[in-house]
Amino acid sequence: FIRRQVAVQNLPDVNGPVGYSRSRDSKNASPFPFNIESYSLGLDMVWELDLFGRIRRSVESADARLQADVEDYRDVLTALQAEVGLTYVQLRTTQRRVVLLQENIALQRSSRDLAKARFETQVAPELDLFQAESNLANTEAQLPGLQLEAARTMHRLAVLLGEHAGALREQLGEATPIPEVSDSIAVGIPADLLRRRPDIRQVERQLAAQTALIGAAEAQLYPSLSLAGALGFTSFKFDRLLRSNSRRYSVSPGLNFNVFDGGRTRAAVDEERSLTEQARLAFDNTVLLAIEEAENAIVSIRRERERRDALQRVVTATKRSVELSRELYKQGLRNFQNGLDAERTLSGA
């Protein structure tokens, strides 16, 4: 709408006045009183010729601001899509953690049953049974919190998709594998990576819009040329209004010079230049932050993959440690505490 309001300044302003008037003189004030009726119909036009680009540069600025608003919308949309994706991954991750915790609970319950059986046969002390019960209860206490986190994440995802909180319970209630991502990072040319960011395109368009306003302000330093005209019909008799001898017209070109305004126009130009410098600094800052975020993300992906691989080795080794500890405990060759420590390490890993 704002762009349209600016663009129409290039067009003439045309009005179509239609008039009727009736006047009557006072018989007590004039020796020759009269009654007059008048009819008029016509077109009036005022057109400013954009000699020095004030309107043109204003339209250019409005176009850039419109493009900036579009990029702002795309930035919000990108952020929403990213939030949906992250929330979905978080949901599947939490659900997977619930499954793993349940598996650990089953494993620790089995260890508790083993300790109970050995205690009842007087092969192991009662301490082993209580340690197993404590380890099992501690792990079971973590399960409701994880289930609550999964439910909240599902509700959050539904709201992000514009649904009510429980809309996805049937569709996403069952745990599925965590989404995998490609091992390759499609970075490409750094400049192309930055161009794909709508926030950078937005501030670039804002800078372009503000730069164009300098030209619009500078145009005020030069003369402005306007053209006014009128064409129509005027008659004292309605039935003669559209006759050729009732026609009237006028043409009034005008040239306006800004002789002296106390430096107001120059100050307006300086203001636009200052605002443009602010917009340029904002653009530079956005680009630098975007580069920082991109570099941090690339490094994070690489380092988190290394961490993930190390954690996978921890899980594999700890699973084997739990198995061996249990076998040695059954044979009475290992302390029960070693098995409990291994189970706690496995649960955390």
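For the structure itself, look to the data block above.
Residues numbered from 1 in each chain as written. Predicted model: local features only at pLDDT ≥ 70, side-chain atom pairs only at ≥ 80, totals over all residues. Heavy atoms only, no water.

Q: For this particular structure, what's the right way to read a nonpolar patch on the surface?
A: Where nonpolar side chains cluster on the molecular surface, the patch consists of L255, F257, V259 and F260 and spans about 530 Å² of accessible area. Topologically, L255 is positioned in strand β5 (residues 247–256). Judged by its relative accessible area of 48%, L255 is partly exposed. (Patch = residues over 30% accessible without salt bridge, like charges linked within 9 Å, V, L, I, M, F, W, Y side chains within 5 Å. Areas by Shrake-Rupley, 256 points an atom, 1.4 Å probe, with all protein chains shown as cover. Salt bridge = Lys/Arg side-chain N within 4 Å of Asp/Glu carboxyl O. Helix = DSSP H or I, 4+ residues; strand = E, 2+ residues; numbered from the N terminus. Buried < 20%, exposed > 50% of the residue type's maximum accessible area, 1.4 Å probe, protein only.)

Q: Help me out: how do you make sense of the pattern of salt bridges in this one?
A: Side-chain pairs of opposite charge can arise where the charged atoms are in close proximity. Per the stated rule, a full pass over the model turns up 22 salt bridges. We note a salt bridge from E60 to R57, for which the minimum N-O separation is 3.0 Å. Within this pair, E60 and its partner R57 are both found in helix α2 (residues 54–120), separated by three residues, close to a single helical turn. One salt bridge in this structure joins R197 and E293, with 2.9 Å as the shortest N-O distance. Of this pair, R197 sits in the loop between α6 (190–195) and α7 (198–218) while E293 sits in helix α8 (residues 264–330), and the two are 96 residues apart along the sequence. Note on R197: relative accessible area 22%, which makes it partly exposed. Given a relative accessible area of 44%, E293 falls into the partly exposed group.

Q: Help me understand the environment of A151 in this model?
A: Structurally, the position occupied by A151 is in helix α4 (residues 142–160). For A151, a relative accessible area of 28% translates into the label partly exposed. Counting along the chain gives 18 residues from A151 to R169, while the straight-line C-alpha distance between them is 8.4 Å.

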